[in-house]
Each structure stands twice: as C-alpha cells, then as structure tokens.
Amino acid sequence: LASRTMQEGVLVDFKPHEIANTVWAFATLNVYHSDLMASIAERVLQEGVLAVFRSQDVANTVWAFARLGVHDPKLMAATAVRMLQEGALVHLTPHAIANTVWAFATLGVRDLSLMAAVAARTLEKG
C-alpha cells in the first residue's frame, strides 16, 4: 500500500480525507514507513493543500504522525496555523481536540497560540 501510494501521480490525487485516513490507518496498525510519512508531509505542505483539509482531517493527521513518532516541524507549524483559522476548532469534537493537543505534546511542539485557542474553545458552552 505504501509503495503504491508513493508512485508518481497517486498521492497528488488523494483528497484530504484520503490522506488523513491513510496516515491514520498506518498509525493505528503501528506500521511506520518513513518514505510514506515524508511523502505525505510533503504533499500536505504543498501550497493550498492544507487549506482544504477539514479540521477533523488535520486532527487525524497530526495524531497519526505523533502516534508513529514522526516529528516534522514544518508540518506541525502549518497545522497549528490551519487550526487557528477562524472556525476550525469549532468543528472539532472534544475527542479530536484532545487528540490534537496530545499530538503536539507527544512531539514536544509548543505552540502557545494554538493551546490558548484550544483552552478557550474547551471553556465555551455548547
């Protein structure tokens, strides 16, 4: 599966949900494939790709990277920026928020702006 995903022209056609599901599946099975993770990080960081990820897809992606111990500083910084966009945290379930915070903590990524926004979101009613 990893080899097929990394073939030229395959990953570029993946929708955000498909990217998130792929890394989630590998992480859930505890299967680490360094080239696949690097390819996915590279794809997510391409201009405009992360912008169309739903908040849940971002949360699942960072959880998967953390679960496998893959620390990509550029990816984590970009996902923090994406999660700070207006309305992004509103659409996350408490479980997804917890997974996102866990991922940042597990990888030792300190993004005070994101953590402040998460704290504010968890204190909101509704």
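None of the values given here were measured: they were computed from a predicted structure.

Cut-offs applied
- Residues numbered from 1 in each chain as written.
- Predicted model: local features only at pLDDT ≥ 70, side-chain atom pairs only at ≥ 80, totals over all residues.
- Heavy atoms only, no water.
- Helix = DSSP H or I, 4+ residues; strand = E, 2+ residues; numbered from the N terminus.
- Buried < 20%, exposed > 50% of the residue type's maximum accessible area, 1.4 Å probe, protein only.
- Salt bridge = Lys/Arg side-chain N within 4 Å of Asp/Glu carboxyl O.
- Axes fitted to C-alpha atoms, helices over the stretch in contact; angles between N-to-C directions.
- Parallel < 35°, antiparallel > 145°, perpendicular 65-115°, else oblique.
- Left-handed = near helix turned anticlockwise from the far one by under 90°.
- Contact = heavy atoms within 4.5 Å.
- Nonpolar A, V, L, I, M, F, W, Y, C, P; charged D, E, K, R; others polar.
- Polar contact = N/O pair within 3.5 Å; in protein donor to acceptor, adjacent residues only side chain to side chain.

**Thoughts on the overall build of the protein**
Point 1. What the protein contains, in helices and strands, is 7 helices and 0 strands.
Point 2. Listing every helix and strand of the protein by position from the N terminus yields α-α-α-α-α-α-α.
Point 3. Principal-axis analysis of the C-alpha atoms gives the protein an extent of 45 × 25 × 25 Å.
Point 4. Relative to its full complement of 126 residues, the protein shows a buried share of 42%.

**So, the pattern of salt bridges**
Point 1. If you walk through the whole model with that rule in mind, you get 2 salt bridges.
Point 2. Close ionic contact of R121 with E124 constitutes a salt bridge, the shortest N to O distance being 3.1 Å.
Point 3. What makes E124 partly exposed here is its relative accessible area of 45%.

**Quick notes on the packing of helix α5 (residues 73-83) against helix α6 (residues 94-106)**
Point 1. It is at 12 Å that the axes of α5 and α6 come closest, and there the two elements cross at 150°. With respect to α6, the element α5 is oriented roughly antiparallel. Read as a crossing pair, α5 and α6 show a hand that is left-handed. Within the contact between the two elements, α5 uses M76, T79, A80 and M83 and α6 uses T100, A103 and F104.
Point 2. Residue composition of the contact of α5 with α6, grouped by class: 5 nonpolar, 2 polar and no charged.

**Regarding unusual backbone geometry**
Point 1. One non-glycine residue, N30, lies in positive phi territory at about 55°.
Point 2. Relative to the helices and strands, N30 is located in the loop between α2 (16-28) and α3 (34-44).

**A few points about the environment of N30**
Point 1. Residues N30 and R67, 37 residues apart in the sequence, show an inter-C-alpha distance of 7.8 Å.
Point 2. When residues no more than four places from it in sequence are discounted, the contact partners of N30 are R67 and L68.
Point 3. Of the polar contacts made by the side chain of N30, one reaches the side chain of R67; its length is 3.3 Å.

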